[in-house]
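Residues per chain, in single letters:
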Amino acid sequence: MTLSAQSLTKRYGAAPGYAAVRDASLELRRGEFISIVGRSGSGKSTLMAMLGALTRPTEGRLLLDGTDVWALSETQRATFRARQIGFVFQFPSLLSNLTAADNVAVPALLGRTMAAEDAYARARDLLARVGLADRMDAYPGSMSGGEQRRVAVARALINAPPLLLADEPTSDLDEDTEGDIIDLLEELQRTESFGFVLVTHDLELAQRAERSFEMRQGMLAARERPQLEAAPPRRAMAARLDGARAAPQPRAPVRLGESLWRGVKIFLPAAAAIFAAILAVDVGVEKYQAMRLRERAGRVAALQHLALNSLRGDVQSVTDLGDGRYELTTYLQNVGGDRIYVMAPQMRAYVQVASLWQEVPMTPGDEGAAGVTKIEGKQTYRYRFDARVRDFAQLLPNYMHVRFSGSMLVSPSSAPNGDVFERKDNYYVYLKPFDVADDVVLKRMRFSGKPPVWIPMPPH
Ligand SMILES: Nc1ncnc2c1ncn2[C@@H]1O[C@H](COP(=O)(O)OP(=O)(O)OP(=O)(O)O)[C@@H](O)[C@H]1O
Ligand SMILES: [Mg+2]
């Protein structure tokens, strides 16, 4: 595998636009480790998004083994991304309603790169390798930041990509945990031998790479080759800087307090400059974060629109199987014509007893429950449930009041990179209990024929 970035430029805004990255070129082979450092806003993430084929460069080309990635169709590019590139972002963005093992398996399930059993086998293997053998069934909410990051690392490697891009994967972790995660990434790189690009603000971590680059105002430049001696880089650097200065002269005796005042005189302008710089950085970061938030809000709104407006769902039918067992059929319909993928739909059933909802056993039918489905036209799902409940509330005489609660993950992509929306639905129906004879029902209510098994209720 060779990734070749040729003169990548990215401009934002109306032409000529603001160049976040200018003329960046880079070659990366399988098994190589490259690091990129640079100040906030210097264009590191923009470059990474271009290297990962997430953002189309305004100018320049991205070739993988000679194939121009942006000459591929969108579907081909999505497949290419799913198979060739693993991403670890600054925040782990795990799906909170899925276990660690599910989260790791998701890209393989959504990208259909392997059978579900194989995906879970590899997910478990990777989780064991990142030291989470006993946390496979934990939910992200109950995991520490470092553990969540390990899950994200395992997730990035599920499809055994030849290229791993990590954009400040540890910046919100404490120093020890940060070191552990980078150790882990290096170890995995040795065993899986992927090409590895690491963006970091930590010069010490950056030194571990075979080649190191620095971004400055959108320009990528090679940094001096890291020193080969094993001395701890930070101290070594400080020592070298000191050594570079003129050798200290023997000092003349000074009056007590003199150096203090001199120190203050030197310090004051320096402090002012540092303070101004901190302010400038802060304002920059704040502006940048506000933009990120807006971007994120925009993406979430688009996803929400897709998940809620383009996808219609409802109860299609409920049939009485006898003995208090019923079959529920629901449907999902793509009414917007957009590309929609649905993952892990789940359904639960509740019967109202007094003012409480009592859950009743429900199992999915054969089809529909598995993996990921592209919703084109109408897709139906079947579930069986058991509604042998005593003392149910009767909003309609003799009928049970039943709630079906569904949840599912919706995405416009079969290989989403975090662009997943969790949709929840509640459907309400009146359901005729199996042990009440039709003539008993008919004594209290009128129907044109036999009393129906179920009566839909408006959403409430
Ligand atoms: N979608 C966008 N639209 C407009 N400007 C953008 C967009 N994305 C990034 N920028 C701008 O491009 C520049 C580079 O941003 P980028 O996120 O690549 O920086 P970075 O080096 O990753 O910074 P950080 O260290 O803070 O993550 C910034 O000035 C940023 O405001
Ligand atoms: Mg960034």
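For the structure given in this document, a descriptive report is provided here. (Residues numbered from 1 in each chain as written. Chains lettered and ligands numbered in written order. Predicted model: local features only at pLDDT ≥ 70, side-chain atom pairs only at ≥ 80, totals over all residues. Heavy atoms only, no water.)

Bringing the overall build of the protein into the picture now. Along its length, the protein carries 10 helices and 20 strands. For the protein, the proportion of its 460 residues judged to be buried stands at 45%. If you take every contact in the protein between residues at least 6 apart in sequence, the share linking residues at least 24 apart comes to 69%. Of the accessible surface of the protein, which amounts to about 24800 Å², a share of 53% is contributed by carbon and sulfur atoms. (Helix = DSSP H or I, 4+ residues; strand = E, 2+ residues; numbered from the N terminus. Buried < 20%, exposed > 50% of the residue type's maximum accessible area, 1.4 Å probe, protein only. Contact = heavy atoms within 4.5 Å. Areas by Shrake-Rupley, 256 points an atom, 1.4 Å probe, with all protein chains shown as cover.)

What follows covers the nonpolar core. Ranked by size, the top nonpolar core spans 45 residues in total, and within it Leu127, Val130, Val151, Val153, Leu164 and Phe196 carry the most contacts. Those elements giving two or more residues to this core turn out to be helix 3 (100–111), helix 4 (116–129), helix 5 (145–156), strand 7 (163–167), helix 6 (175–192), strand 8 (195–199) and strand 13 (341–353). Per-element tally for this core: the top contributor is helix 3, with seven residues. In contact with Phe196, not counting residues within four places along its chain, are Leu28, Glu32, Phe33, Ile34, Leu164, Ala166, Leu185 and Gln189. Listed in part, the 34 residues of the second largest apolar core include Leu328, Ile340, Ile375 and Phe385. (Core = buried A, V, L, I, M, F, W, Y, C linked by side-chain atoms within 4.5 Å.)

Attention now goes to the sheet that holds strand 15 (residues 362–364). Taken in spatial order, the four strands line up as 11-12-17-15 in an open sheet, and their pairing is antiparallel. Either end of the sheet is taken by a strand with one partner, and the two such strands are strand 11 (311–322) and strand 15. For this sheet, the mean inter-axis angle between neighbouring strands, taken without regard to orientation, is 25°. Pairing of strand 11 with strand 12 (residues 325–334) involves 10 bridges; the strand directions are antiparallel. Looking across to strand 12, one finds that Arg312 is bridged to Gln333. (Pairing = 2+ DSSP bridges. Axes fitted to C-alpha atoms, helices over the stretch in contact; angles between N-to-C directions.)

Moving on to the packing of aromatic side chains. Going through the model one piece at a time under the given rule, you end up with six aromatic pairs. The ring of Tyr331 carries Lys378 above its face, with NZ or CZ at 4.4 Å from the centroid. (Phe/Tyr/Trp six-rings, centres within 6.5 Å; stacked < 30°, edge-to-face > 60°. Lys NZ or Arg CZ within 6 Å of the ring centre and 35° of its normal.)

Here we take up helix 2 (residues 74–84). Taken together, the buried positions of helix 2 are occupied by Arg77, Ala78, Phe80, Arg81 and Ala82. The secondary structure elements touched by the buried residues of helix 2 are strand 4 (59–64) and strand 6 (85–88).

Our next topic: the environment of Asp176. Of note, Asp176 is situated in helix 6. Distance from Asp176 to Gly146, taken between C-alpha atoms, is 9.9 Å for residues 30 residues apart in sequence.

One can find Thr9 in strand 1 (residues 2–12). A polar atom in the side chain of Thr9 sits 2.9 Å from the backbone nitrogen of Asp23. (Polar contact = N/O pair within 3.5 Å; in protein donor to acceptor, adjacent residues only side chain to side chain.)

The next subject is the sheet that holds strand 8. Where strands meet in a sheet, backbone hydrogen bonds hold them as pairs that are either parallel or antiparallel. One open sheet holds the six strands; their spatial order is 6-7-8-3-9-10, and the pairing between them is mixed. Of all the strands in the sheet, just strand 6 and strand 10 (219–222) have a single pairing partner and so form its edges. Recorded for the sheet is a direction-independent mean angle of 20° between the axes of neighbouring strands. Across five bridges, strand 3 (residues 33–38) lies against strand 9 (residues 211–216) in parallel orientation. By the bridge assignment for strand 9, Ser35 is matched with Ser212. Packing of helix 6 onto the sheet brings it into contact with strand 3, strand 7 and strand 8, and relative to strand 8 it is tilted by some 165°.

This next bit is on the pairing of strand 3. Within strand 3, six of the six residues are buried, leaving the element largely enclosed by the surrounding structure. A two-sided burial pattern is seen for strand 3, the buried positions comprising Phe33, Ser35 and Val37 on one face and Ile34, Ile36 and Gly38 on the other. When strand 3 meets strand 8, the two strands line up parallel, connected through four bridges. Residue pairing in the sheet places Phe33 in a bridge with Phe196 of strand 8.

Packing of helix 5 against helix 6 brings their axes to within 10 Å, and their N-to-C directions diverge by 20°. In terms of their interaxial angle, helix 5 and helix 6 are classed as roughly parallel. As for the relative orientation of helix 5 and helix 6, their crossing is right-handed in sense. Contacts from Gly146, Arg149, Arg150 and Val153 of helix 5 reach helix 6 at Thr177, Asp180, Ile181, Leu184, Leu185 and Leu188. (Parallel < 35°, antiparallel > 145°, perpendicular 65-115°, else oblique. Left-handed = near helix turned anticlockwise from the far one by under 90°.)

The phi dihedral of Asp65 is positive, around 50°, even though this residue is not glycine. Here Asp65 is to be found in the loop between strand 4 and strand 5 (67–68). Even without being glycine, Asn398 reaches a positive phi, approximately 70°. Inspection of the secondary structure assignment puts Asn398 in the loop between strand 17 (378–386) and strand 18 (400–411).

Under the 1.5 Å per step criterion, the end-to-end length of helix 5 is 16 Å for 12 residues, consistent within 8% with the ideal 16 Å. Burial analysis of helix 5 places 10 of its 12 residues in the buried class, which makes it a mostly covered element. (Expected span 1.5 Å × (residues − 1).)

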